[in-house]
Amino acid sequence: MSYQPGPEHDPNRFRLGRLYIRLAAWAKLYPVAFLFRSWLFVAGFSAILLFATDLNTFVKPSGKLILLLAVFGWVVPLIMWIRKNRR
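Residues numbered from 1 in each chain as written. Predicted model: local features only at pLDDT ≥ 70, side-chain atom pairs only at ≥ 80, totals over all residues. Heavy atoms only, no water.

A look at the packing of aromatic side chains
Reasoning step 1: Using the criterion set out here, one finds three aromatic pairs in the structure.
Reasoning step 2: The interplanar angle of 80° and the centroid separation of 6.2 Å between the aromatic rings of Trp26 and Phe34 together place this pair among those described as edge-to-face.
Reasoning step 3: Here Phe36 and Trp39 contribute two aromatic rings whose centre-to-centre distance is 5.5 Å and whose plane-to-plane angle is 40°, an arrangement assigned as tilted. Of this pair, Phe36 and Trp39 are both found in helix 2 (residues 31–52), three residues apart, which corresponds to roughly one turn of the helix. (Phe/Tyr/Trp six-rings, centres within 6.5 Å; stacked < 30°, edge-to-face > 60°. Helix = DSSP H or I, 4+ residues; strand = E, 2+ residues; numbered from the N terminus.)

Given below as structure tokens:
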């Protein structure tokens, strides 16, 4: 009978799960910081796309949504931060 090794497990699979759990816990603890950093990521990604291409990249509705989020995405974290600091 020949030796049949089991499937190789990806060691990074468990790391990604732990990273997701830590990120979700951090987002629950600091929602304003999470939303602001998410907005920074989207705005930076959109700026790179605008620099590399032109506005024709954002013609589709999904592109318009990304561009709208990149322009006005800072409003929601700002409102949440103001409400939090008022209390």
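So, the packing of helix 2 against helix 4 (residues 75–86)
Reasoning step 1: The interhelical angle for the contact between helix 2 and helix 4, taken along N-to-C directions, is 160°, at an axis separation of 9 Å. Put simply, helix 2 runs roughly antiparallel to helix 4. The handedness of the crossing between helix 2 and helix 4 is left-handed. Here Pro31, Val32, Leu35 and Phe36 of helix 2 lie close against helix 4, whose contacting residues are Val76, Pro77, Met80 and Trp81.
Reasoning step 2: The residue inventory of the contact of helix 2 with helix 4, partitioned by class, reads eight nonpolar, no polar and no charged. (Axes fitted to C-alpha atoms, helices over the stretch in contact; angles between N-to-C directions. Parallel < 35°, antiparallel > 145°, perpendicular 65-115°, else oblique. Left-handed = near helix turned anticlockwise from the far one by under 90°. Contact = heavy atoms within 4.5 Å. Nonpolar A, V, L, I, M, F, W, Y, C, P; charged D, E, K, R; others polar.)

Description of the environment of Asn56
Reasoning step 1: Along the polypeptide, Asn56 turns up in the loop between helix 2 and helix 3 (61–72).
Reasoning step 2: Its relative accessible area of 56% is what places Asn56 among the exposed residues.
Reasoning step 3: Measuring from C-alpha to C-alpha, the distance between Asn56 and Phe34 comes to 30 Å, with 22 residues separating the pair along the chain. (Buried < 20%, exposed > 50% of the residue type's maximum accessible area, 1.4 Å probe, protein only.)

Some details on a nonpolar patch on the surface
Reasoning step 1: The grouping of Phe36, Leu40, Trp74, Leu78, Trp81 and Ile82 at the surface amounts to a nonpolar patch, some 550 Å² of accessible area in total.
Reasoning step 2: If you list the elements that add at least two residues to the nonpolar patch, you get helix 2 and helix 4.
Reasoning step 3: For the nonpolar patch, the leading source of residues is helix 4, giving three residues.
Reasoning step 4: Its location among the elements puts Leu78 in helix 4.
Reasoning step 5: By relative accessible area, which is 35% here, Leu78 ends up partly exposed. (Patch = residues over 30% accessible without salt bridge, like charges linked within 9 Å, V, L, I, M, F, W, Y side chains within 5 Å. Areas by Shrake-Rupley, 256 points an atom, 1.4 Å probe, with all protein chains shown as cover. Salt bridge = Lys/Arg side-chain N within 4 Å of Asp/Glu carboxyl O.)

Examining the packing of helix 2 against helix 3
Reasoning step 1: Axis separation between helix 2 and helix 3 bottoms out at 8 Å; the angle between their running directions is 120°. In terms of orientation, helix 2 lies oblique with respect to helix 3. Of the two possible hands of crossing, helix 2 and helix 3 adopt the one that is left-handed. Where helix 2 approaches helix 3, its residues Trp39, Val42, Ala43, Ser46 and Leu50 are matched on the opposing element by Ile66, Leu67, Leu69 and Ala70.

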